[in-house]
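# Tertiary structure, described
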Amino acid sequence: MRVLCCLDGTNIEQISRAVSTMLQPDTRTIGLLYVLDSGPLGEIERQRERFFRGPHPPMARREQMRQAEQASTRDILEEGNRYLPGAEQLQREGRPEREIVQCATDWAADLIVICPRSPKNPGPPLGPKSVGHVARFVLDHAPCAVLLVRGTEIK
Amino acid sequence: MLLFFHLPTLTKTLLISLVALLTLIGIMVRPFKLNEATIAMSGAALLLIIGLINPLDVLTTLSSDWNTFFFFLGMMSLSALAEAAGLFDWLAAQAARLAGGSSKRLLLNTFLLGTMITMVLSNDATALILTPIVYTLVTRLRLPVIPFLFACTFIADSASFLLPVSNPINIIILSSFRLDLWTFLRLLFLPDLVVISINIGIFFLLYRRQIQGKFDAKRLPSAAESIRHPAYFRYTCTALLLIALAYIIASALQIPLSLVASGGAFILFFGALLWKQITFKDLGKQISWSIFGFIGGMFIIVRAVENTGLTTQFGQLLIHLSGGTSFGAVVVGTTGSAIGTNLINNIPMAIVMRAALGAAGHVAPTTRLGFIVATIFGCDLGPNLTTVGSLATILWLLILRRRNLDVSGLDYFKVGILVTPLMLLAGALTIWLLLL
């Protein structure tokens, strides 16, 4: 079974616990996906346009931002590998919800494992708004089964 | 051309109004993604070509506003030269270090740093230079980006009426209405502190979950890493301190602030050339030249409208709506400027309000003062209402959302619509109390 785990930099413990509980190591192929959200960069571009500048910051600044993004992505994926050794690392850039769905298709995932929200922004454990917009989009559009890993507080 | 033909006043007024209206609509809608400067300059050129404004009038209008043009030039150069020294990166690294690993304290320090930069180097520096630096920093620290990014976006406007130099809009308005430094500080400094406190308070409430916990300080870059050339860095710090002092003295003595901004930029540029930290070409790239076309175009269009007497009527309407009281002046001035600024951008709104108030005729001094201060306040803070740009953009985003397209801009709008009215209300109330 090809399992695509969606990381956000804070949820690896929950994801790895769920995967380890449900699937034996010899029956699974794990993909660790981290999507670098392009939304904040869009906001920076909008700000620049408001102040009559071109959309992109100067080259040196862009490079600095790019390096920080890459370092952070590498960190998150390597951390994921410590919890789920041998997993394939996948990284994308764009709107997370769309990239997850697209990656699941491209990687031929059988199962997507995702948290309803970032543990840093938990929201209500059940009921309306308990599922954030990224997970909601994935649930609505995923090309395969989706495992929604809720927080421990529900117990 | 039409200068050679006699046109009835009414026809001339209608034609000028039509061009002005189309220009403002063009700025709001930006057809074919046209730059606002192109639209404003086209409107001004049209008025000039068809003879609805006298070329001499154009020259007089542009030359009388030299202070605004040179201030914009000086301000943008100062920020670019300070950035070349690595000052903003160094300050951000220090702010992060002082947070002691606490995400909450880092958010607070981002606000304080943004306030400090805006106060001395204007909102432009905070929004354009500090924002990507903070983005890089929080990405490295693996913290949620949005609260910190928004902190920069919001504080750039929220802190922009602490001093006359904190926002070029202030210079546009003060070029016509001379307020001494004491009056400016008396009526706007305290309201700005109130606004900044509300801004910080609401952000801590809104993002309380995201900013919980600690960050790993080992991920922070060293402050020394930010300094590209120690001698130029020291030179820049000393020069900026002197420039800040000169700003205060010039404001107190009512000396045009563009002289300090341009003079300061020249001093920094000299140092940058000496230590080979920037070239003339690089500095030129950091400056938004189109803004001069935009402001110039708007000055000409509003001048043509002024000639028709429409701005006088608009000014009288404002006075009438305010009921001639200082309370009314603050309410009408703030509301009108804040809404207008989201419709047509704050620069044209400030120019329109300036023309209207200048031609409004006799009003009580307190009411007049109330209008001037409220205009500065509304035009400076108003853009926070629709952080994505303008109400026209918001409407477009709403249409897109209806078509099931994911639009992140609306998420930003939600914060603006929640925070800004509260800040406008509290700030306007404080201004009114200070006017009494």
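Residues numbered from 1 in each chain as written. Chains lettered and ligands numbered in written order. Predicted model: local features only at pLDDT ≥ 70, side-chain atom pairs only at ≥ 80, totals over all residues.

### Here's the deal with the overall build of chain A
The test is simple: The secondary structure listing takes helices from DSSP runs of H or I that are at least 4 residues long and strands from runs of E that are at least 2 residues long, numbered from the N terminus. With C-beta atoms placed from the backbone, a residue is buried if 20 or more other C-beta atoms are within 10 Å of its own, exposed if 12 or fewer are, and partly exposed between those counts. Contact definition: two residues whose C-beta atoms, as placed from backbone geometry, lie within 7 Å.
Assigned secondary structure in chain A consists of five helices and five strands. Each helix and strand of chain A, placed in order from N terminus to C terminus, yields the pattern β-α-β-α-α-β-α-β-α-β. Looking at chain A residue by residue over its 155 residues, the buried ones come to 37%. Across chain A, every contact between residues at least 6 apart in sequence was considered, and the portion connecting residues at least 24 apart equals 77%.

### Focus: the nonpolar core
In globular proteins that are soluble, nonpolar side chains generally tend to be buried together. We count it as follows: One nonpolar core equals one set of buried Ala, Val, Leu, Ile, Met, Phe, Trp, Tyr and Cys residues connected by C-beta atoms within 7 Å.
Of all hydrophobic cores here, the largest spans 145 residues; its most connected members are L81, A92, L130, V134 and I301 of chain B. Residue contributions to this core peak at 17 residues, all from helix α6 (residues 103–140) of chain B. Excluding residues within four positions of it along the chain, V134 of chain B makes contact with A92, T110, F148, L149 and C152 of chain B. Counting 33 residues, the second-largest nonpolar core is a separate cluster that includes I15, L77, I112 and C115 of chain A.

### Side note on the interface of chain A and chain B
For clarity, the threshold we go by: The residue classification treats Ala, Val, Leu, Ile, Met, Phe, Trp, Tyr, Cys and Pro as nonpolar and Asp, Glu, Lys and Arg as charged. All others, Gly included, are polar.
Tallying the contact residues gives 27 residues for chain A and 27 residues for chain B. The greatest single-element share of the side of chain A that touches chain B, amounting to nine residues, is contributed by helix α2 (residues 39–50) of chain A. Taken together, the residues of the side of chain A that touches chain B sort by class into nine nonpolar, seven polar and eleven charged.

### A short note on the confidence of the model for chain A
When pLDDT is low, close inspection of the predicted coordinates is not appropriate. What counts is decided by this rule: The pLDDT value tells you how sure the predictor is about a given residue, anywhere from 0 up to 100.
In the predicted model, chain A carries a mean pLDDT of 89, and 95% of its residues have values of at least 70. The secondary structure element of chain A with the lowest average pLDDT is α2 of chain A, at 84, and the one with the highest is strand β4 (residues 111–114) of chain A, at 96.

### A look at the packing of helix α17 (residues 346–358) of chain B against helix α18 (residues 365–381) of chain B
Residues and elements named next belong to chain B. Inclusion rule: Think of each axis as a best-fit line through the C-alpha atoms, taken over the contacting stretch in the case of a helix, with angles from 0 to 180 degrees between the N-to-C directions. Put simply, angles under 35 degrees are roughly parallel, angles over 145 are roughly antiparallel, angles from 65 to 115 are roughly perpendicular, and the rest are oblique.
For the pair α17 and α18, interaxial distance at closest approach is 10 Å and the crossing angle is 170 degrees. Classified by the angle between their axes, α17 and α18 sit roughly antiparallel to one another. Contact with α17, carried on its side by N346, M349, A350, M353 and L357, involves F371, I372, T375 and C379 of α18 and no other residues of that element.

### What to know about the environment of F371 of chain B
Residues and elements named next belong to chain B. Relative to the elements of secondary structure, F371 occurs in helix α18. F371 sits in the buried class, given 29 other C-beta atoms within 10 Å. Aside from chain neighbours lying at most four places away, what touches F371 is L318, A329, G333 and L357.

### Considerations on the sheet that holds strand β5 (residues 145–148) of chain A
Residues and elements named next belong to chain A. Using the following cut-off: By the convention used here, strands pair only if DSSP detects at least 2 bridges between them.
In space, the five strands of this open sheet follow the order β3-β2-β1-β4-β5, with parallel pairing throughout. Either end of the sheet is taken by a strand with one partner, and the two such strands are β3 (88–94) and β5. Put simply, the sheet's adjacent strands are angled 25 degrees from each other on average, direction ignored. One ladder, built from four bridges, connects β4 with β5; its direction is parallel.

### What about the environment of F269 of chain B?
Residues and elements named next belong to chain B. Tracing the backbone through its elements, the reader meets F269 in helix α12 (residues 257–274). Here F269 falls in the partly exposed class, since 19 other C-beta atoms lie within 10 Å of it. The spacing of F269 and A82 is 187 residues in sequence and 9.6 Å in space, taken between C-alpha atoms. Residues in contact with F269, not counting those within four places in the same chain, are S77, L81 and L283.

### A short note on the confidence of the model for chain B
Taken residue by residue, chain B gives an average pLDDT of 89. The fraction at 70 or more is 93%. In this model, residues 403–407 of chain B is a region of pLDDT below 50 whose contacts with residues beyond four sequence positions or in other chains number six contacts.

### Structural notes on unusual backbone geometry
Unusually for a residue other than glycine, S122 of chain B sits at a positive phi of about 80 degrees. Position of S122 of chain B relative to the elements: it lies in helix α6.

### Examining helix α3 (residues 59–83) of chain A
For an α-helix, the turn length of 3.6 residues means that residues three or four places apart are oriented alike. Definition in use: The span expected for a helix works out to 1.5 Å for each residue beyond the first.
Relative to the 36 Å expected for 25 residues at 1.5 Å per residue, α3 of chain A spans 36 Å between its end C-alpha atoms, a close match to the ideal helical length. Inspection of α3 of chain A places A68, S72, T73, I76, L77 and G80 of chain A among the buried residues, and these make up the whole buried set. As for α3 of chain A, its buried residues are in contact with β1 (2–7), α1 (12–22), β2 (29–37) and β3 of chain A together with α6 of chain B.

### As for the packing of helix α2 (residues 36–49) of chain B against helix α14 (residues 290–308) of chain B
Residue and element names in this part refer to chain B. Using the following cut-off: Two helices crossing with the near one rotated counterclockwise from the far one by less than a right angle form a left-handed crossing, whereas a clockwise rotation gives a right-handed crossing.
Relative to each other, α2 and α14 sit at 40 degrees, their axes nearing to 8 Å. In the crossing of α2 with α14, the sense of the turn from one axis to the other is left-handed. Taking contact as the criterion, the partners of E36, A37, A40, M41, G43, A44 and L47 in α2 are, on α14, S290, I291, G293, F294, G297, M298, I300, I301 and A304. Class assignment of the residues belonging to the contact of α2 with α14 gives a composition of eleven nonpolar, four polar and one charged.

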